[in-house]
Amino acid sequence: NWEDFAEGLGLKPLERKRLEKDVACRLPSSDSASSAAEKFAQELGDWLEGLCLSPHLEATAKWCTDNGASSMSEVWGNWEELASNLDLKTLERKRMEKDAQARQASPPVVTGGYYAEVGHIPEVSLPPVVAPSTSFGPPEDPRKYLLREEIGFGVTSKVYRCQHGNDVFAAKA
């Protein structure tokens, strides 16, 4: 049993998790593990296709297996090692670098109004109101929209950041 094996090796939690994922991906009887592996393979193929690096799919899949990468975040977090292993050309490497770094720097996915990774809504510091009396909204709503700073303009209008309660919006005026 793999759990006894992992315990005997004294693996750290992250190492144990990787071993568990690897074992789950290799077990033919586990439908959820095989679907997760298929999903990862599809995501990997789509990512490489988007970067015009499809010819490197087989080598990338082998690198993932050899290094225990079972999610795209693990691939993006180790893109330099992957790129070196694939022996990419300069422009191919730059494409991979730019994309992987952009994906690592992107904000967490919002689910149901909350940040899924941190479990709470972060505090937002808002700039001062444009003018203390600059507000708008329906007369029956006690929470008026407060205009904040100008964030853009066009030929016929300006765009302002505004606040309605705790929500922040852009408003065209």
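Everything that follows concerns the structure shown earlier in this document.
Everything numeric in this text was worked out from a predicted model, so none of it was measured. (Residues numbered from 1 in each chain as written. Predicted model: local features only at pLDDT ≥ 70, side-chain atom pairs only at ≥ 80, totals over all residues. Heavy atoms only, no water.)

**Student:** Whenever I open this one, the pairing of strand E4 (residues 145-153) confuses me. Can you help?
**Tutor:** Side-chain positions along a regular strand alternate between the two faces of the sheet. Pairing of strand E3 (residues 135-136) with E4, which is carried by two bridges, proceeds in the antiparallel orientation. Residue pairing for E4: Phe136 is matched across the bridge by Tyr145. As paired strands, E4 and strand E5 (residues 158-164) are joined by five bridges and run antiparallel to one another. For Gly152, the partnering residue across the bridge sits in E5 and is Val159. The antiparallel hairpin formed by E4 and E5 contains four residues in its connecting segment. (Pairing = 2+ DSSP bridges. Helix = DSSP H or I, 4+ residues; strand = E, 2+ residues; numbered from the N terminus.)

**Student:** When you look at the environment of Ala170 in this model, what are you seeing that I'm missing?
**Tutor:** Relative to the helices and strands, Ala170 is located in strand E6 (residues 167-172). For the pair Ala170 and Glu150, spaced 20 residues apart in sequence, the C-alpha separation works out to 9.3 Å. Not counting chain neighbours up to four residues away, the residues in contact with Ala170 comprise Ile151, Val159, Tyr160 and Cys162. (Contact = heavy atoms within 4.5 Å.)

**Student:** For this particular structure, what's the right way to read the side chain of Glu92?
**Tutor:** Its place among the elements puts Glu92 in helix H7 (residues 90-105). We note that Glu92 is buried and unpaired, the nearest opposite charge coming from Arg95 at a distance of 4.6 Å. Residue contacts for Glu92: discarding those within four places in its chain leaves Leu53 and His56. (Buried < 20%, exposed > 50% of the residue type's maximum accessible area, 1.4 Å probe, protein only. Lys, Arg positive; Asp, Glu negative; His and termini not counted. Salt bridge = Lys/Arg side-chain N within 4 Å of Asp/Glu carboxyl O.)

**Student:** What am I meant to see in unusual backbone geometry here?
**Tutor:** In this structure, Cys52 is a non-glycine residue whose phi angle is positive, near 60°. Taking the relative accessible area as the measure of exposure, Cys52 reaches 58% and is therefore exposed. With phi around 55°, Asp87 is a residue other than glycine that occupies positive phi space. If you trace the backbone, Asp87 turns up in the loop between helix H6 (79-86) and H7.

**Student:** Is there a simple way to think about the side chain of His56 in this case?
**Tutor:** With respect to the helices and strands, His56 occurs in the loop between helix H3 (31-50) and helix H4 (57-67). Exposure remark for His56: the relative accessible area of 17% places this residue in the buried category. Aside from chain neighbours lying at most four places away, what touches His56 is Leu48, Leu86, Leu88 and Glu92.

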